[in-house]
Amino acid sequence: MVQAAHDATSFVAPLEVEEEELYHAKTFIGKYIWSQDAKVIAIQYAVTAIAIGLVALVLSVIMRLQLGFPDTFDFITPSNYLQFVTMHGMIMVIYLLTALFLGGFGNYLIPLMCGARDMVFPYVNMVSYWVYLAAVLLLVASFFVPGGPTGAGWTLYPPQAISPGTPGADAGIIMMLVSLALFIVGFTMGGLNYVVTVLQARTRGMTLMRLPLTIWGIFMATVLALLAFPALFVSAIMMTLDRLLGTSFFMPAMVSMGEQTAYDGGSPILFQHLFWFFGHPEVYIVALPAFGIVSDLLATHARKCIFGYRMMVWAIVAIGALSFVVWAHHMYVSGMNPYFGFFFATTTLIIAVPTAIKVYNWVLTLWRGNIRLTVPMLFAIGFIFTFINGGLTGLFLGNVTVDLPLSDTYFVVAHFHMVMAVSPILVVFGAIYHWYPKITGRMLNDTLGKAHFWITFIGTYTIYYPMHYLGFEGLPRRYYAYGDTAFMSDSAQALNSFITVAACIVAVAQILFIWNLISSLRNGKPSGPNPWEATTLEWQTPDTPPKHGNFGENLPLVYRWAYDYSVPGAVEDFIPQNVPPEDVPTARTDDPTAAPAEGQPA
Amino acid sequence: MSVTLVFMAVLMGMVAFWLLRHTINVRPWAAESRGNLINSNIQLPATKIALGVFMAVVASLFSLFISAYSIRMSLADWRPMPEPDLLWVNTGILVLASVALQWAWNAANKGRMEIVKRAMSIAGALTVAFVLGQYLAWEQLIATGYFMTANPANAFFFLLTGLHALHLFGGLVAWYRTSARLWRGVGETAEIAKIRLNVELCAVYWHFLLVIWLILFSLMLNT
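Residues numbered from 1 in each chain as written. Chains lettered and ligands numbered in written order. Predicted model: local features only at pLDDT ≥ 70, side-chain atom pairs only at ≥ 80, totals over all residues. Heavy atoms only, no water.

### Quick word on the packing of aromatic side chains
All names here are of chain A. For the record, the criterion: Planes of paired rings set the category: under 30 degrees apart is stacked, over 60 is edge-to-face and the rest tilted, where pairs are Phe, Tyr or Trp rings (Trp by its six-membered ring) whose centres lie within 6.5 Å. Counting from the N terminus, the helices are DSSP H or I runs at least four residues long and the strands are E runs at least two residues long. For the exposure calls, accessible area comes from a 1.4 Å probe over protein chains only, and a residue counts as buried if that area is under 20% of its type's maximum, exposed if over 50%, partly exposed in between. Cation placement over rings: the criterion is NZ of Lys or CZ of Arg within 6 Å of the ring centroid and within 35° of the ring normal.
The full count for this structure, using the stated rule, is 65 aromatic pairs over all chains. Between Tyr 157 and Phe 271, the aromatic rings sit 6.3 Å apart at their centres with planes inclined by 85°, giving edge-to-face as the arrangement. Linking Tyr 157 in the loop between helix 4 (122-141) and helix 5 (172-200) with Phe 271 in helix 7 (residues 268-302), this pair joins segments that are 114 residues apart in sequence. Judged by centre distance (5.9 Å) and plane angle (20°), the rings of Phe 271 and Phe 275 are stacked. Placement of both Phe 271 and Phe 275 in helix 7 is noted, with a separation of four residues, approximately one turn of the helix. Of the two residues, Phe 271 and Phe 275, both sit in the buried class. Sitting over the face of the ring of Trp 367, Arg 368 holds its NZ or CZ atom 5.8 Å from the ring centroid.

### What about the pattern of salt bridges?
Residues and elements named next belong to chain A. Definition in use: Throughout this description, the term salt bridge denotes a Lys or Arg side-chain nitrogen within 4 Å of a carboxyl oxygen of Asp or Glu.
What the rule picks out here adds up to 14 salt bridges over all chains. Taking the shortest distance from any N to any O, the salt bridge between Arg 372 and Asp 573 comes out at 3.5 Å. A residue pair is termed long-range when its members are at least 10 positions apart, and Arg 372 in the loop between helix 10 (352-366) and helix 11 (375-398) and Asp 573 in the segment after helix 15 (491-523) qualify at 201 residues. Salt bridges sharing partners connect three or more residues here, namely Arg 303, Arg 372, Glu 533 and Asp 573.

### What about a nonpolar patch on the surface?
Which entries qualify depends on this criterion: Here the term patch refers to residues with relative accessible area over 30% and no salt bridge, with like charges joined within 9 Å and nonpolar side chains (Val, Leu, Ile, Met, Phe, Trp, Tyr) within 5 Å. Shrake-Rupley sampling with a 1.4 Å probe provides the accessible areas, and residues are treated as covered by the protein chains on show and by no other component.
A cluster of nonpolar side chains, namely Leu 349, Ile 388, Leu 392, Leu 395, Phe 396 and Val 402 of chain A, defines an oily patch on the protein surface of about 450 Å² accessible area. Per-element tally for the nonpolar patch: the top contributor is helix 11 of chain A, with four residues.

### Focus on the confidence of the model for chain A
Residue and element names in this part refer to chain A. We count it as follows: The quantity called pLDDT is the predictor's confidence in a given residue, expressed from 0 to 100. The criterion used for residue contact is that any of the two residues' heavy atoms lie within 4.5 Å.
Residue-level pLDDT values for chain A average 91, and 94% of them are 70 or greater. Ignoring residues within four places in sequence, the model shows residues 1-17, a span with pLDDT below 50, making 36 contacts including any to other chains. Considering only residues more than four positions removed or in separate chains, one finds that residues 591-602, a stretch of pLDDT under 50, has 23 contacts.

### Let's talk about unusual backbone geometry
Residue and element names in this part refer to chain A. Here the amide bond leading from Pro 158 into Pro 159 is cis, since omega sits at 0°, within 30 degrees of zero. Checked against the element boundaries, Pro 159 lands in the loop between helix 4 and helix 5. A cis amide bond, omega -5°, links Thr 544 with the succeeding residue Pro 545. Tracing the chain through its elements places Pro 545 in the segment after helix 15. Positive phi, normally seen in glycine, also occurs at Leu 156, with a value near 55°. Counting through the fold element by element, Leu 156 comes out in the loop between helix 4 and helix 5. By relative accessible area, Leu 156 is classed as buried at 1%. Although it is not a glycine, Arg 368 adopts a positive phi angle of roughly 60°.

### Topic: the interface of chain A and chain B
A common way to report how large an interface is uses the accessible area buried once the components associate. Cut-off, in case you're wondering: Side-chain atoms alone can form a polar contact between residues adjacent in sequence; in general such a contact is a pair of N or O atoms within 3.5 Å, and within protein one must be able to donate a hydrogen while the other accepts it.
Contacts between the two partners involve 75 residues from chain A, matched on the other side by 54 residues from chain B. Linking chain A to chain B there are two salt bridges. The shortest N-O distance in the salt bridge between Arg 210 of chain A and Glu 32 of chain B comes to 2.8 Å. Along the contact surface separating chain A from chain B lie 16 residue pairs in polar contact (both at pLDDT 80 or more). Counting residues per element, the ones that place at least two in the side of chain A that touches chain B are helix 5, helix 6 (213-244), helix 7 and helix 8 (309-322) of chain A. Counting residues per element, the side of chain A that touches chain B draws most heavily on helix 6 of chain A, at 13 residues.

Here you go:
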């Protein structure tokens, strides 16, 4: 491979690290099926994740139909309902969001944005996807075994999860646990790639502080995932052993179905600790890439440098580190020591500080920006609203005294859907509208995109705002039907029906999005290499979509950060990262008092 | 969970410190002119960094198991289990395997490939012996009626030794690939450098698994 150099006359230090030798596939299968190209693997990850996500979307509609119109649908039994709740949660959090952000966007963007030809271990990267696919298929297969998938709730708390009487306690739960273990193994292979590529394979000039925030978010989320997923792995293995061999890691002595079980002395609380030691960082594994991506969307479409870049980076690092010491706020009702609860309430509120810094910086980035209300920008702004709303209810739930009465009500459902379901999904949509032109060379349809945004954005508010009220009334989550209860007002059922109608509309509206993705492949307007006039390296590739090896003969050299938008004095309102200061066209080169083309403070 | 918390605090502290050191006093908004471009990557082979990250993941896994172990140990039904004396022999064998790999590494640095070959064979044989020894210890326990369900201490014993052995199996795959390269013949200097790196990675990983084993073994002795 040719040595990287901008041009023959300019001096650049020699490459200290050997340039990687790319594997060049020759057959169709080698290029597109058993592919070792990170861009193809990214698309495989994304398509698989979106496909399984659509299954989870359908499950949520079925749940809402039952809640909105009880006694209407015969095919939804109480067992089915619990199974759908469980599968919906598990698929959305792990198999859709985690896989899409890290496996999908991570694979596509890390090499391109860092200026690398590919991930450092392409073969391991390929295996990572196929193991992920196996995990997904195993999960899907559990729908078709006797007893169906597990219905223990996505948290899979023992002893209930593996006791007779719980749906799927025979085969479903085992398939779930094995599928999770597979997912973690696959992810670890991918995660090693993402981390090492960011650390070791950046192009010359791409210092850590010139990385786009997208990469910072994905990088830190990967670090969290690599360290937190083992907790889920540990609990999955131990629960599998409890179920299959009859050990008592988590299972206490108990009477089940009128019979004394063989279990003795295990601790269900131990499982909760392990699960949430993974479960809380998982929130940030999903949120940090969203934070990073939305920062880049806002800066690009507001034509302004991101406000407080360094603060944004340190906030990502701080959130990542703090996310390991807040897990027990999911367990306030488990009967913990009050001082323990106090500690976790405090750390939970502390983590709001770096998060708030990020929100202020996003808003300040918009302030006096030259905002272009493109579809990605709409989704990015929608994210800010939704994230603030969801985050504020998090402050309530983080306090032990407020959490106790609200625990396991629809208030919690509303909170986490706003903050870690809808918010990241809005970013996913924004990111797809943003990068689709680079991936396919064609623009997505703007009208369909805007319709998709407004229906989704307003729709999610009509779904989740009313849930806060239901939660205040004490409506418990995960119930199949409520019947006549004294504490429930008559209007609660009417509200539930309203939510269901809204949910159905939003779900159906996603067809617009899917249709847009498919039809624009053929009919979309050709986008050119850089339709959004963005500065980051992926928009500067010689080919669109980028070919194998990403950057043609010479790797790009990076002279500046990713946020040189509307630089005073420059003719164009953006300067790509690979343009040296000497080559920036300025407005009046003959005027010695003209502002320099670089170095505006942030 | 305090074991895990201390581990995570140390690890996240290292990550945060490293990141801060590379990001403080940097003016990200300033553009660089043509002559000054630097390569700011970590100047190590990718496989070395990857092994470091992987060991962090494995350490996280075992620290979580140790946390679970200590929480479970504090509950009422915990009974000590008899440790087979064979475990002491196995520990000695694993120490020797680690020493042999260190020997191979040193020889590889000096370019003495014949010694590397001998040391690698010894290390491989010792590792296989360790795994077989662990299996024998399992057999002894099962024969005396101490299988997984007998007692939570036993359950943890089988689980932890099994997982540790699995990680050694993974190491043996790397060992096999390195040996195959070694025996295929050493011609070019690039090939020698690759072998040297692979031997080094094997040695580091074995030392790491030895430390893990010593921690696990001392925990099991204290049931």
